[in-house]
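Listed below, chain by chain, are the residues.
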Amino acid sequence: MNKDRLIFSGPSRAGWHRLDTFLRCPRRYAMNQSHQSDMGEALVRGILVHQGLAHYYALQKDPTAELYDPRRAMHEVAYWMNEEKPNDLWQKWADHLETMPDQYALKWAGQENSWEIVGVEEEMGVRIQDPAYDTSYIYTQRADLVIRHKHTGLYHIVDHKTAGYAPPQVHRRYSMSGQFVGYSWLGKLKWGKEFGGVILNVIQVPTLHKDPTYIFARPALEPTPRAVQDFKNTILHAERGIAKLRLDVGHESTDAANWPAVYGEGPPCLGPYAPCPFREHCRGS
Ligand code: SF4
């Protein structure tokens, strides 16, 4: 494998997921920082689909780029990840997703001429000053795809979402998620009135045991102006909370188990896809 021919950017440096976890359960946040969790099926599937689509769009942006084609890119990453942390899901999912790039291209071939591709796997970020505590925090998110619509001239952030089943109203679930409010906030900061919003790029992928027939959809998310306006305060609230607990409880791996727990009836202790990986720790024996 030639790693120079792979785009493998990983998560952004200081994104929403970390803060979201803290706001849901401080202990889970601290435990995440100090324990490596196993990669489940949804994560493996999501990483490989993102890999394939990153190559698909990077090669559209620059057809001369020396990159693996989308299918090969998924296989190479599966091989590499399996070497790092053996898990037979990598190979199984790389095989299962073989036809995804061609089916995706077929579905959207007619529409993508209306876009100019601006960026692929682009990290966006901002430094937030916190005068109350005389400090600052960095906040970043990685945009799967940034496009500019040729007709309207507006910039859009496109987020690839994989799901085993995506109901028709899936976009309503995501529009108030911090990840997407964060995209809108960063988009407004970067492009102002030329920012047109966030588009969800849904890739419904059947499970490993079913025939790989896909459903693709691209709903635009509803605007959330109030949430976007508030978002900086949400980040400050979470960062201050983390800083305070680090002082109060400590931040060594041995301290993580003592961060305050939120014993939820459903999430965050259970679901939506799997129980919290630290459930047995919190339950005790
Ligand atoms: S099991 Fe519940 S309380 Fe314990 S870390 Fe997980 S989310 Fe928090």
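Residues numbered from 1 in each chain as written. Predicted model: local features only at pLDDT ≥ 70, side-chain atom pairs only at ≥ 80, totals over all residues. Heavy atoms only, no water.

### Quick notes on the sheet that holds strand S3 (residues 155-163)
Defined as follows: Here the rule is simple: two strands pair whenever DSSP picks up at least two bridges between them. Strands are runs of DSSP state E lasting at least two residues, helices are runs of H or I lasting at least four, and both sets are numbered from the N terminus onward. To define axes, lines are fitted to C-alpha atoms, for helices over the stretch in contact only, and angles between the resulting N-to-C directions are given on a 0 to 180 degree scale. Whether two residues touch is decided by their heavy atoms; if any such pair falls within 4.5 Å, the residues are in contact.
Strand order across the open sheet formed by five strands is S1-S2-S3-S4-S5, with mixed pairing between neighbours. Looking along the sheet, the strands with just one partner apiece sit at the ends: strand S1 (115-130) and strand S5 (215-217). Strand-to-strand twist of the sheet, defined as the mean angle between neighbouring strand axes without regard to direction, takes the value 30°. With nine bridges connecting them, S3 and strand S4 (residues 195-204) associate as parallel partners. Bridge pairing in S4 places Asp 159 opposite Leu 200. Sitting on the sheet, helix H3 (residues 41-61) is in contact with S1, strand S2 (135-149), S3 and S4, with an inclination near 115° to S1.

### A closer look at the nonpolar core
The tendency in soluble globular proteins is for nonpolar side chains to be buried as a group. Heads up, the rule is: Throughout, nonpolar core names a set of buried Ala, Val, Leu, Ile, Met, Phe, Trp, Tyr and Cys residues whose side chains join them through atoms within 4.5 Å. Each residue is assigned to one of three classes by its accessible area relative to the maximum for its type, calculated with a 1.4 Å probe on protein chains only: buried under 20%, partly exposed between the two thresholds, exposed over 50%.
In this structure, Tyr 139 and Trp 185 are the most contacted members of the largest nonpolar core, which totals 41 residues. Counting 36 residues, the second largest nonpolar core, distinct from the first, contains Leu 48, Ala 58, Met 81 and Met 100.

### Some details on the side chain of His 156
Quick note on the threshold: In the analysis that follows, any N or O atom pair within 3.5 Å is treated as a polar contact, provided that within protein one partner can donate a hydrogen and the other can accept it, and provided that, for residues neighboring in sequence, both atoms belong to side chains.
Topologically, His 156 is positioned in strand S3. The exposure class assigned to His 156 is buried, which follows from its relative accessible area of 13%. Engagement of the side chain of His 156 in a polar contact is seen with the backbone oxygen of Gly 197, the distance being 3.3 Å. Sequence-distant contacts of His 156, defined by excluding residues within four places in its chain, comprise Leu 145, Val 146, Ile 147, Phe 195, Gly 196, Gly 197 and Ile 199.

### Looking at the confidence of the model for the chain
Here is the rule we go by: Per residue, pLDDT measures the predictor's confidence, with a range of 0 to 100.
Averaged over every residue, the pLDDT of the chain is 92; residues scoring 70 or more account for 100%. Within the chain, helix H7 (residues 170-175) has the poorest average pLDDT of any element, 82, and helix H8 (residues 178-191) the best, 98.

### Looking at the environment of Met 176
Mapping Met 176 onto the fold places it in the loop between H7 and H8. Each C-alpha atom of the pair Met 176 and Leu 6 lies 33 Å from the other, and the pair is 170 residues apart in sequence.

### Points about the pairing of S1
Sheet topology note: the S1/S2 ladder contains 14 bridges and is antiparallel. Bridging across to S2, Gln 129 finds its partner in Ser 136. The hairpin turn running from S1 into S2, its antiparallel successor, is four residues long, and Asp 134 in that turn takes a positive phi close to 50°.

### A closer look at the pattern of salt bridges
Defined as follows: Take a side-chain nitrogen of Lys or Arg and a carboxyl oxygen of Asp or Glu: if they are within 4 Å of each other, that pair is a salt bridge.
What the rule picks out here adds up to 17 salt bridges. Taking the shortest distance from any N to any O, the salt bridge between Glu 76 and Arg 72 comes out at 2.6 Å. Here Glu 76 pairs with Arg 72, and both are found in helix H4 (residues 70-84), just four residues apart, close to one helical turn. We classify Arg 72 as partly exposed; its relative accessible area is 41%. A salt bridge links Glu 112 to Arg 218, with the shortest nitrogen-to-oxygen separation between them at 2.6 Å. Here Arg 218 lies in the loop between S5 and helix H9 (225-248) and Glu 112 lies in the loop between helix H6 (100-108) and S1, a separation of 106 residues in the sequence. Judged by relative accessible area, Glu 112 falls into the buried class, the value being 7%. The network of salt bridges with shared partners includes Arg 13, Glu 123 and Arg 142.

### Regarding the pairing of S2
When S2 meets S3, the two strands line up antiparallel, connected through four bridges. Its bridge partner lying in S3, Ile 147 is registered against His 156. Here S2 folds back onto S3 in antiparallel fashion, the turn holding five residues, of which Gly 153 has a positive phi close to 80°.

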